[in-house]
Amino acid sequence: MVTQKIHLSGSEEALALFGQNDHNLRALERSYKVQIFGRAHILSIRGGVAQVEKALAAVEEMRESLGKNAALMPTLPEPVSDVPHNPVYTGILGKSIKPKTNHQKMYVEAVQNYDLVVAIGPAGTGKTFLAVACALNALQAGQVSKIVLTRPVVEAGEKLGFLPGDFYDKVNPYLRPLYDAFYAMLGPDRFRLYMDEETIEIVPLAYMRGRTLEKAFIILDEAQNATTEQMKMFLTRTGIGSKIVVNGDVTQIDLAQRRLSGLPALPQILKNVPDIQLIAFDETDVVRHPLVREILKAYDRWEKSEGGVRN
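Computed from a prediction, not measured in an experiment: that's the story for all the values here.

Criteria and cut-off values
- Residues numbered from 1 in each chain as written.
- Predicted model: local features only at pLDDT ≥ 70, side-chain atom pairs only at ≥ 80, totals over all residues.
- Heavy atoms only, no water.
- Helix = DSSP H or I, 4+ residues; strand = E, 2+ residues; numbered from the N terminus.
- Expected span 1.5 Å × (residues − 1).
- Buried < 20%, exposed > 50% of the residue type's maximum accessible area, 1.4 Å probe, protein only.
- Polar contact = N/O pair within 3.5 Å; in protein donor to acceptor, adjacent residues only side chain to side chain.
- Pairing = 2+ DSSP bridges.
- Axes fitted to C-alpha atoms, helices over the stretch in contact; angles between N-to-C directions.
- Salt bridge = Lys/Arg side-chain N within 4 Å of Asp/Glu carboxyl O.

Engineer: So what's going on with helix α5 (residues 127-140)? Which residues, and what values?
Structural biologist: Across its 14 residues, α5 extends 20 Å between first and last C-alpha, which sits within 8% of the 20 Å expected from 1.5 Å per residue. With respect to burial, α5 is a largely interior element, eleven of its 14 residues being buried. G142 occupies a position one or two residues after α5 and carries a positive phi of about 80°.

Below you can see the structure in the form of structure tokens.
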């Protein structure tokens, strides 16, 4: 994997090149199977050497077209429409779990081929569900000996102290979405067996401190609610033969001070670290009810408007 950067002339060129809601960049990603990040006047393209070179040539053609006031987008190869992919995992009822969008396909392939994958995008894009499917596939193939799922226990409007029961009763609702994914794929009986044997472990992020996990598939869910210090702690738990997947949505930070989140800066921090893959999902990858995609678009419009400005 390589990363190439293009320095643009200014904000005008950047806005025209990126397109509305970064539409042009997403089209290039789909066509050349690369990851593209636009920040201020710098465009970064990451992927295989050949793919990056082709994407760079396309960007330069777009820039030349801008100078001539011609059509912005060059002729691009047709993106894959049916997203063909072998099943990631076959569930208890025989249902095959496959990626449904191009970004999901890139995500699955990254998880299968890299030791650390960071996926950022809105809810409903299949980040957790596909990560669990990949983890079960790796366990089934003997590539790992256990699966560890963790997420920060952060209150979103309610105080833990007001909930009934002991500590485990209080944190259980925060971990419930992770249980749901396993129930859907394993069924309750096998899931309980794996939990009893500690083949599958689901724990709050705070409980990861001081551990070193070898030959484990480790998933950090809701990573936007991990502080920078917690993120560093988590990423350094990796032992020999382990894989790490970090999933989160930077638009749903529940920390009292949003700037404390360790997720938004993670791509920048890790940009020069080899053998790491970054995946950016958007609303086109939402695979829940079609209404969810429209809701996300509506919130995006509102947050960009005067009424959505936050202090």
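Now that the structure has been shown, the text picks up again.
Engineer: Explain the environment of T238 to me, using residue names and the numbers behind them.
Structural biologist: Among the secondary structure elements, T238 is positioned in the loop between α8 (228-235) and β10 (243-248). Taking the C-alpha atoms as reference, T238 lies 8.3 Å from I218; in sequence the two are 20 residues apart. Polar side-chain contacts of T238 include one of 3.1 Å to the backbone oxygen of L235.

Engineer: Describe unusual backbone geometry, and please don't skip the residues or the numbers.
Structural biologist: The bulk of non-glycine residues show a negative phi, and the bulk of peptide bonds are trans. Its identity is not glycine, yet K215 carries a phi of approximately 50°, on the positive side. Positionally, K215 belongs in the loop between β8 (200-204) and β9 (216-220). Even without being a glycine, D275 presents a positive backbone phi close to 60°. As for its position among the elements, D275 is in the loop between α9 (266-269) and β11 (276-280). A relative accessible area of 58% means that D275 is categorised as exposed.

Engineer: Give a detailed account of the sheet that holds strand β2 (residues 35-39), specifying residues and quantitative values.
Structural biologist: Where strands meet in a sheet, backbone hydrogen bonds hold them as pairs that are either parallel or antiparallel. With antiparallel pairing, three strands are arranged side by side in an open sheet as β1-β3-β2. Looking at the sheet topology across the chains shown, the edges are occupied by β1 (2-7) and β2. Averaged over all pairs of adjacent strands, the angle between their axes in this sheet comes to 15°, without regard to strand direction. One ladder, built from six bridges, connects β1 with strand β3 (residues 42-47); its direction is antiparallel.

Engineer: I'd love a proper account of the pattern of salt bridges, names of residues and values included.
Structural biologist: Here the structure, examined in full by the defined rule, presents five salt bridges. Note that R151 and E222 form a salt bridge whose closest N and O atoms lie 3.4 Å from each other. Of the two residues, R151 is situated in strand β7 (residues 146-151) and E222 in the loop between β9 and α8; the sequence distance between them amounts to 71 residues. Given the relative accessible area of 28%, E222 is considered partly exposed. Note that D189 and R192 form a salt bridge whose closest N and O atoms lie 2.8 Å from each other. Here R192 and D189 lie together in helix α7 (residues 188-196), a separation of three residues that amounts to about one turn. Judged by relative accessible area, which is 43%, R192 ranks as partly exposed.

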